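# Tertiary structure, described
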There are 2 protein chains.
Amino acid sequence: MMKERVTLYDTTLRDGAQTTGVDFSLEDKRQIAALLDDLGVDYVEGGYPGANPLDTEFFTTRPKLRARFSAFGMTRRQGRSVENDPGVAALLDSAADAVTFVAKSWDYQVKVALRSTEEDNLQGITQSVKAAVSKQKEAAVDCEHFFDGFKANPDYALACAKAAYDSGARWVVLCDTNGGTLPHEVERIVAEVVKVIPGDHIGVHCHDDTGQAVANSLAALRAGARQIQGTLNGLGERCGNANLTTIIPTLLLKEEFAERFEIGVSRDKLTHLTRVSHALDELLNRAPNRHAPYVGASAFATKAGIHASAVLTDPRTYEHVPPESVGNMRRVLVSDQAGRSNIISELTRLGVNVDKKDPRLTRLLDEVKDKEAQGYAYEGADASFFLLAKRVLGEAPHYFDIERYSVAVDRRFAKNGGFEDLGAEAIVKVNVHGESRISAAEGNGPVNALDLALRKDLGAYQRFIDDVRLVDYRVRVFQGGTDAVTRVLVECADGAGNRWSTVGVSANVIDASFEAIVDAINYKLLISGAT
Amino acid sequence: MMKERVTLYDTTLRDGAQTTGVDFSLEDKRQIAALLDDLGVDYVEGGYPGANPLDTEFFTTRPKLRARFSAFGMTRRQGRSVENDPGVAALLDSAADAVTFVAKSWDYQVKVALRSTEEDNLQGITQSVKAAVSKQKEAAVDCEHFFDGFKANPDYALACAKAAYDSGARWVVLCDTNGGTLPHEVERIVAEVVKVIPGDHIGVHCHDDTGQAVANSLAALRAGARQIQGTLNGLGERCGNANLTTIIPTLLLKEEFAERFEIGVSRDKLTHLTRVSHALDELLNRAPNRHAPYVGASAFATKAGIHASAVLTDPRTYEHVPPESVGNMRRVLVSDQAGRSNIISELTRLGVNVDKKDPRLTRLLDEVKDKEAQGYAYEGADASFFLLAKRVLGEAPHYFDIERYSVAVDRRFAKNGGFEDLGAEAIVKVNVHGESRISAAEGNGPVNALDLALRKDLGAYQRFIDDVRLVDYRVRVFQGGTDAVTRVLVECADGAGNRWSTVGVSANVIDASFEAIVDAINYKLLISGAT
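Residues numbered from 1 in each chain as written. Chains lettered and ligands numbered in written order. Predicted model: local features only at pLDDT ≥ 70, side-chain atom pairs only at ≥ 80, totals over all residues. Heavy atoms only, no water.

Turning our eyes to something else, we now look at the overall build of chain A. The helix and strand inventory of chain A stands at 20 helices and 18 strands. Within chain A, the proportion of its 531 residues that are buried is 63%. Accessible surface computed for chain A: about 19,400 Å², of which carbon and sulfur atoms make up 50%. If the 62 positive side-chain charges of chain A are averaged to one point and the 74 negative ones to another, these points end up 2 Å apart. (Helix = DSSP H or I, 4+ residues; strand = E, 2+ residues; numbered from the N terminus. Buried < 20%, exposed > 50% of the residue type's maximum accessible area, 1.4 Å probe, protein only. Areas by Shrake-Rupley, 256 points an atom, 1.4 Å probe, with all protein chains shown as cover. Lys, Arg positive; Asp, Glu negative; His and termini not counted. Charge placed at Lys NZ, Arg CZ, Asp CG, Glu CD.)

Shown next as structure tokens:
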């Protein structure tokens, strides 16, 4: 059976830029566009040229993309001709292949927000689309508030959609701007629309305000729409846009969709999805959502002992799709509830083979539980767990001892309260095989100074750690009882591109940081085969 | 028209306890049960007595709840009689009002996971339910993998459900254990089930592995099921369970559901939802999800300038429900893209009234943009923004100057690498109206020491800050260019129960922390009306 093509339209760089706390740089936009293009989306909406300097600059030259490069903006303003509308001009003069105009389609909105007439709004749509087409741009129209508009006045909502289609828009996109529409409403309304406009010209743009943006997008698809708009990781204003990172694997892995439809993302590219999702978070300096469908670190994680053993017997028991299909992996969590089977499969994942009956497993289990009771969490610190396991198993050489460290931070303020002097320095005294070595370093902060001092002179081991650098640093404070306990997670990387995470816990943030750094160095020495 | 009752069954304390990184203490369980009960859910599933000491203890005495207190566990093991099954005994002897047995309903699972026979599994269901009923416990059966089971062998899946119902189970719960079932499949299958078992005895238990647990739960409701199982904030293994924090407001605020159904949560209690959701995160020491539907800090936030002005003209433009209905509030973000209207409405929210034409607004806007370019983020630091605004407006008295501070952390390790000595001390020199005052303090960490030293002697202002304490502390490191920039968010509280957040930014974590603490003190003095 011939499959129908479903088009994916990504608006991460435009609607996604509306996310609280997200501000893309030009370089961010270039990198994200490349990620999306490599994944295989059909359209990359780059932004709103003319609305801000950054987007205007981004649209001066077309990035090298296989995907269509799309610009977003408003239809011509009321009372203006398209020719005399600088907003429209900015879109038509941009380096975009396609222009997506946003237009009202709810009569109430036309009156209240636009203070315009229904007729002028329709003309604005028609004239703007025609102007784009005559400039050899592919045109699309985002019908803002379409679903609310349809409920209030179906005739006018449809008239707006029709105006767009009749004047040559390739896509008429039905937007649930408030995000308040429910899946069965979307299904019903889209079914009405495709009676007057061919479904392969209908797109849908959903928001997650009732937690159903994905369901709404798929409901529209089932009702006949053939373009889905969304963003990577569901970025977007308020609760976010429809999450393409969830929709893509659902379309490719769920039989019913996979049999009927084809998309631009291949099964092979799908195995990059987890990496792409995390790469975006990396760019945004956000911690990835552990619980995200398909790509979250916990998406295929099992904690309960009973489930753990079952999932090892037969993955189908607790996995709706194979983790590898989206480039993710199975995890059986080392946790307070950890059983032997959890520990074993976690060790296997890290390449440590132990016999199920090995008495050392019990010692490791007790050790882990004891540590977790103190506030350690190994779920995000594989390297510390690996180190702990290797030590308990007696497979980790003892490289060095710390004799002492001290850190000082001083700041003097100028009379006007302004900046005068700020310094951070550290001294670390290590003992490498009976030989004491003391090093001092200045840093841009106390942790940086400690890190530099510790790695300054480890004698024979120095060569193994010269290329180590600290790439991420996170702190969590627990109001456990009277004294707060601080947990620090440190991520390091080396010249070969390896990355590893370690954990430290203390009431003192500096001490917790130091512990994590020492773990990171020991881990690097261990995997480098230092002896 | 008479409304149909929909029952809400919360499993936060059982399935929610499977969440990565979540480990409830006994006290946590008590507090969460109270939160749920106050909100108005019908069932509080407390855990799995007999499976671990904590749950067993939690079920020794019934907590004071209006809701039914439910215990979860397995049906009798194969080859055992109910009387001789310690697992079943633990459930029947517990202080629970209701017992929820989990049973296989997928023939494949019966063979693979249970290594049992279809017949024995059916008998296990019947005998377990009858045993509970004869002990005057209300019984329910969670049919594990029901949807996958139904697809593979509808007759056997239905036979399991029937066995539960016929033997006296009040509720037969259809579980999408893998979380891989799609909304229209749920709707179709539930419609089949309610032909043989009355819908007011059918419940649904969904997981979010395709991001559709909410849609699946509502689809089941539309198809005739009358109990929805879920968790607060969507806690749960892997991607989480159906999020009751999203489902409850949808049922109460979306006309179609509100007209047909009634639930135990009142419109009045609904206004506590945001507080309840955040209270749970507080207990779990997690940062609340800003983008959560209804209750997220960003759920009613607008960033784009154009949207901002529209939402102020008429909220309906970008709000699908009134924020107040769920105890949340509208926010127009102060951000890089901030326009005057954003700033004004944010100031209004904080009770600062400025005329739209006031030239000082431009200065404030520039100041904010400049700060944000340096890495400051005011979205999570209202107090720092308030302080900044008051200063630019010339409405903040100048209380004191910092002349200098210094912090030292020292640690010595015992020969065995064990603990020997760890100390943190700070010196702060402040100038209060021309008079220098120097104070020193020791703390359990450098930030604590600095905080204590700063608040030790502020002369005339001392009395205003005696009851201030630091309650939360967060650190984010940005890999901006070569040197990392550290942003610290500090939350303080006072004796009157006020809480306020401030921000500090520096390459040095100590310096950033100090800046945030100084802001916190200044804010407290300002709102206390110190002069």
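Turning next to the interface of chain A and chain B. The interface of chain A with chain B comprises 101 residues on the first partner and 101 residues on the second. Our count for the chain A to chain B interface comes out at 2 salt bridges. A salt bridge links Arg411 of chain B to Asp511 of chain A, with the nearest nitrogen and oxygen atoms 2.6 Å apart. For the pair chain A and chain B, the number of links is 20 residue pairs in polar contact (both at pLDDT 80 or more). If you tally residues by element for the side of chain A that touches chain B, the top one is strand β13 (residues 401-413) of chain A, at 12 residues. (Contact = heavy atoms within 4.5 Å. Salt bridge = Lys/Arg side-chain N within 4 Å of Asp/Glu carboxyl O. Polar contact = N/O pair within 3.5 Å; in protein donor to acceptor, adjacent residues only side chain to side chain.)

A few words now on the side chain of Asn178 of chain A. Along the chain, Asn178 of chain A turns up in the loop between β7 (171-175) and α8 (183-193). Given the relative accessible area of 4%, Asn178 of chain A is considered buried. Ignoring any residue separated from it by four or fewer positions in sequence, one finds Asn178 of chain A in contact with His145, Asp148, Asp209 and Arg238 of chain A together with Arg316, Thr317, Tyr318, Glu319 and His320 of chain B.

Residue and element names in this part refer to chain B. Reading around the circumference, β2-β3-β4-β5-β6-β7-β8-β9 is the order of the 8 strands in this closed barrel, with parallel pairing throughout. If you compare each strand with its neighbour and ignore which way they point, the axes differ by 25° on average. Bridging between strand β5 (residues 98-104) and strand β6 (residues 138-144) involves 7 bridges; their strand directions are parallel. Counterpart to Phe101 in the pairing with β6 is Val141. (Pairing = 2+ DSSP bridges. Axes fitted to C-alpha atoms, helices over the stretch in contact; angles between N-to-C directions.)

Turning our attention to the relation of the copies chain A and chain B. The two copies are related by a screw motion: chain A maps onto chain B through a turn of 180° and a shift of 0.0 Å along the axis, at an RMSD of 0.1 Å. Such a combination of turn and shift is consistent with a two-fold rotation axis. Minimal C-alpha separation from the rotation axis in chain A is found for Ala408 of chain A, amounting to 2.2 Å. An overlap of 100% is found between the interface residues of chain A and their copies at the interface of chain B, pointing to a shared contact surface. (Least-squares fit on C-alpha atoms with pLDDT ≥ 70 in both.)

A full pass over the atoms with the stated rule returns 0 disulfides over all chains. Here Cys175 of chain A stays unpaired: no disulfide links it, and the sulfur of Cys143 of chain A, its closest cysteine neighbor, is 6.8 Å away. (Disulfide = S-S within 2.5 Å.)

This part takes up the confidence of the model for chain A. Across chain A, the average pLDDT comes to 90, with 94% of residues at 70 or higher. For this predicted complex, the interface confidence comes out at an ipTM of 0.76, alongside a pTM of 0.77. (pLDDT = per-residue confidence, 0-100.)

Once that is clear, we can look at a negative patch on the surface. Residue and element names in this part refer to chain A. A surface patch of negative charge is lined by Asp410, Glu420, Asp421, Glu425 and Glu442. For Glu442, the location among the structural elements is in strand β15 (residues 435-443). By relative accessible area, Glu442 is classed as exposed at 63%. (Patch = residues over 30% accessible without salt bridge, like charges linked within 9 Å, V, L, I, M, F, W, Y side chains within 5 Å.)

Moving on, we come to the sheet that holds β7 of chain A. Residue and element names in this part refer to chain A. Taking strand neighbours around the barrel as the criterion, the 8 strands line up as β2-β3-β4-β5-β6-β7-β8-β9 in a closed arrangement whose pairing is parallel. The average angle at which neighbouring strand axes cross in this sheet is 25°, direction not considered. With 2 bridges connecting them, strand β2 (residues 7-10) and strand β3 (residues 43-47) associate as parallel partners. Across the sheet, the residue bridging to Tyr9 is Tyr43, located in β3. Of the strands in this sheet, β2 and β9 (227-230) touch helix α10 (residues 244-253), which is tilted by about 170° from β2.

All names here are of chain B. Within helix α10 (residues 244-253), 10 of the 10 residues are buried, leaving the element largely enclosed by the surrounding structure. Buried within α10 are the following residues: Leu244, Thr245, Thr246, Ile247, Ile248, Pro249, Thr250, Leu251, Leu252 and Leu253. Of the residues flanking the start of α10, the one acting as N-cap is Asn243, its side-chain oxygen 2.8 Å from the backbone nitrogen of Thr245.

What follows deals with the side chain of Ser384 of chain A. All names here are of chain A. Checked against the element boundaries, Ser384 lands in helix α17 (residues 382-392). Under the relative-accessibility criterion, Ser384 is labelled buried at 3%. Polar contacts involving the side chain of Ser384 include one to the side chain of Asp519, which spans 2.7 Å. When residues no more than four places from it in sequence are discounted, the contact partners of Ser384 are Tyr378, Ser501, Thr502, Val503 and Asp519.

Our focus in this paragraph is the packing of aromatic side chains. All names here are of chain A. Scanning the model with the defined rule gives 32 aromatic pairs over all chains in all. An angle of 85° between the planes, with centres 5.5 Å apart, marks the rings of Tyr48 and Phe72 as edge-to-face. One end of the pair, Tyr48, is in the loop between β3 and α2 (53-58); the other, Phe72, is in strand β4 (residues 68-74), with 24 residues separating them in the sequence. Given a relative accessible area of 6%, Phe72 falls into the buried group. (Phe/Tyr/Trp six-rings, centres within 6.5 Å; stacked < 30°, edge-to-face > 60°.)

Below, the discussion takes up the packing of helix α9 (residues 213-223) of chain A against α10 of chain A. Residue and element names in this part refer to chain A. Contact pair α9 / α10: the axes reach a minimum separation of 10 Å and the direction vectors enclose 45°. Considering their axes alone, α9 and α10 lie oblique with respect to each other. Judged by the sense of rotation from one axis to the other, the crossing of α9 with α10 is right-handed. Residues Val214, Ser217, Leu218 and Leu221 of α9 pack against Thr246, Ile247, Thr250 and Leu251 of α10. Its residues placed into classes, the contact of α9 with α10 shows 5 nonpolar, 3 polar and no charged. (Parallel < 35°, antiparallel > 145°, perpendicular 65-115°, else oblique. Left-handed = near helix turned anticlockwise from the far one by under 90°. Nonpolar A, V, L, I, M, F, W, Y, C, P; charged D, E, K, R; others polar.)

Glancing now at the pattern of salt bridges. Residues and elements named next belong to chain A. By the definition in use, this model includes 60 salt bridges over all chains. In this structure, the salt-bridge partner of Asp42 is Arg5, at a minimum N-O distance of 2.7 Å. Residue Asp42 is located in the loop between α1 (26-39) and β3, and its partner Arg5 is located in strand β1 (residues 4-5); the two are separated by 37 residues in the primary sequence. By relative accessible area, which is 13% here, Asp42 ends up buried. Since its relative accessible area comes to 37%, Arg5 is described here as partly exposed. A single salt-bridge network, built from bridges that share partners, covers Arg14, Asp15 and Glu45.

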